[in-house]
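The residues making up each chain are set out below.
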Amino acid sequence: MNTSRTRVALADDDVLLREGLASLLEGSGFEVVGQSGNGPELIAVVREHRPELAVVDIRMPPTYSTEGLDAARVIREEFPDTAILVLSAHAEVEHAVDLLASGERSGYLLKSRVTDVDEFVGALERIVRGGSVVDPALVQELVAARRVDDPLEILTTREREVLALMAEGRSNAGVAKELWVTEGTIEKHVHGILMKLRLPETDSDHRRVLAVLTFLDAR
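As the structure is a prediction and not an experimental result, all values here were calculated from the model. (Residues numbered from 1 in each chain as written. Predicted model: local features only at pLDDT ≥ 70, side-chain atom pairs only at ≥ 80, totals over all residues. Heavy atoms only, no water.)

## Focus on the overall build of the protein
Here comes step 1: Scanning the protein for helices and strands turns up 10 helices and 6 strands.
Here comes step 2: A buried classification covers 50% of the 219 residues belonging to the protein.
Here comes step 3: Partitioning the contacts of the protein with sequence separation of at least 6, the portion at a separation of at least 24 is 65%.
Here comes step 4: When the accessible surface of the protein is split by element, carbon and sulfur atoms take 52% of a total near 10,500 Å². (Helix = DSSP H or I, 4+ residues; strand = E, 2+ residues; numbered from the N terminus. Buried < 20%, exposed > 50% of the residue type's maximum accessible area, 1.4 Å probe, protein only. Contact = heavy atoms within 4.5 Å. Areas by Shrake-Rupley, 256 points an atom, 1.4 Å probe, with all protein chains shown as cover.)

And the structure:
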């Protein structure tokens, strides 16, 4: 993707963080078309500029609860092609599942992840391309909080590892690199995962998203 053509709207009530993020994105080739400090302002910016990506903090004025997520829902409904990345200071399981269940082109990262510029920019590019990205820390929390009636029980340990990396937004090549195996091996694991989770071959690529949502919901 040519990030120089990717327009971004930012929302965070922390002005210093927001300005720093805007500077980082501009320096990485993105075009920041607008900044805001609350949900309604973000929605107004998106309506005016129609950016390809919206980056929003979950907690903003006035109640500092889920204003950012509420704004993200409005944006997703009005502009389904706009990619959305939600940033949070803490891993909040229910919020992450809610966001990702709303469709593809979605991401959930901890603010601490922004310090790794290459990783952060890579995550944004994956989201804009149509993927979904989940913060590794959140993935680990979800793994630790799985329900007793775990729908993933049928998967092998290696398949669970592969699925966890898929949930982080990694491609087959990325998973293979992380696990030090061949891409062909990962393709076989992914095929096995999709079949065991009863997500058979179709003309749609959404099976990977459905597999990840199954993983996220198994908590």
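## Quick notes on the pairing of strand 2 (residues 31-36)
Here comes step 1: As judged from the 5 bridges shared by strand 1 (residues 7-11) and strand 2, these two strands associate in the parallel manner. The partner of Arg7 across the bridge, within strand 2, is Glu31.
Here comes step 2: Considered for its hand, the β-α-β crossover made up of strand 1, helix 1 (residues 15-27) and strand 2 is right-handed. (Pairing = 2+ DSSP bridges. Right-handed = clockwise from strand over helix to strand, strands pointing away.)

## Brief notes about the sheet that holds strand 6 (residues 132-134)
Here comes step 1: Reading across the sheet, the 6 strands line up as 2-1-3-4-5-6 and stay open at both edges, with parallel pairing between neighbours. Whereas interior strands pair on both sides, the edge strands pair on one side only; in this sheet they are strand 2 and strand 6. This sheet shows a mean twist of 20 degrees between the axes of neighbouring strands, independent of strand direction.
Here comes step 2: Along the sheet, helix 5 (residues 117-128) contacts strand 3 (53-57), strand 4 (83-88), strand 5 (106-110) and strand 6; its crossing angle with strand 4, the most-contacted strand, is approximately 145 degrees. (Axes fitted to C-alpha atoms, helices over the stretch in contact; angles between N-to-C directions.)

## Comments concerning the side chain of Glu159
Here comes step 1: Position of Glu159 relative to the elements: it lies in helix 7 (residues 157-167).
Here comes step 2: Given a relative accessible area of 7%, Glu159 falls into the buried group.

## Topic: the pattern of salt bridges
Here comes step 1: Tallying each qualifying case throughout the model produces 11 salt bridges.
Here comes step 2: Salt-bridge contacts for Lys111 lead to Asp12; the nearest nitrogen and oxygen are separated by 3.1 Å. Residue Lys111 is found in the loop between strand 5 and helix 5, and its partner Asp12 is found in the loop between strand 1 and helix 1; the two are separated by 99 residues along the sequence.
Here comes step 3: Under the relative-accessibility criterion, Lys111 is labelled partly exposed at 23%.
Here comes step 4: We note a salt bridge from Arg170 to Glu178, for which the minimum N-O separation is 3.7 Å.
Here comes step 5: The class of Arg170 is partly exposed, set by a relative accessible area of 28%.
Here comes step 6: Through salt bridges that share partners, Asp12, Asp57 and Lys111 make up one connected network. (Salt bridge = Lys/Arg side-chain N within 4 Å of Asp/Glu carboxyl O.)

## Description of the nonpolar core
Here comes step 1: Of all hydrophobic cores here, the largest spans 22 residues; its most connected members are Leu25, Val55 and Phe120.
Here comes step 2: Broken down by secondary-structure element, the contributors of at least two residues to this core are strand 1, helix 1, strand 3, strand 4 and helix 5.
Here comes step 3: What Val55 contacts, discounting residues up to four positions off in sequence, is Val8, Ala9, Leu10, Ala11, Leu21, Leu85, Leu87 and Leu124. (Core = buried A, V, L, I, M, F, W, Y, C linked by side-chain atoms within 4.5 Å.)

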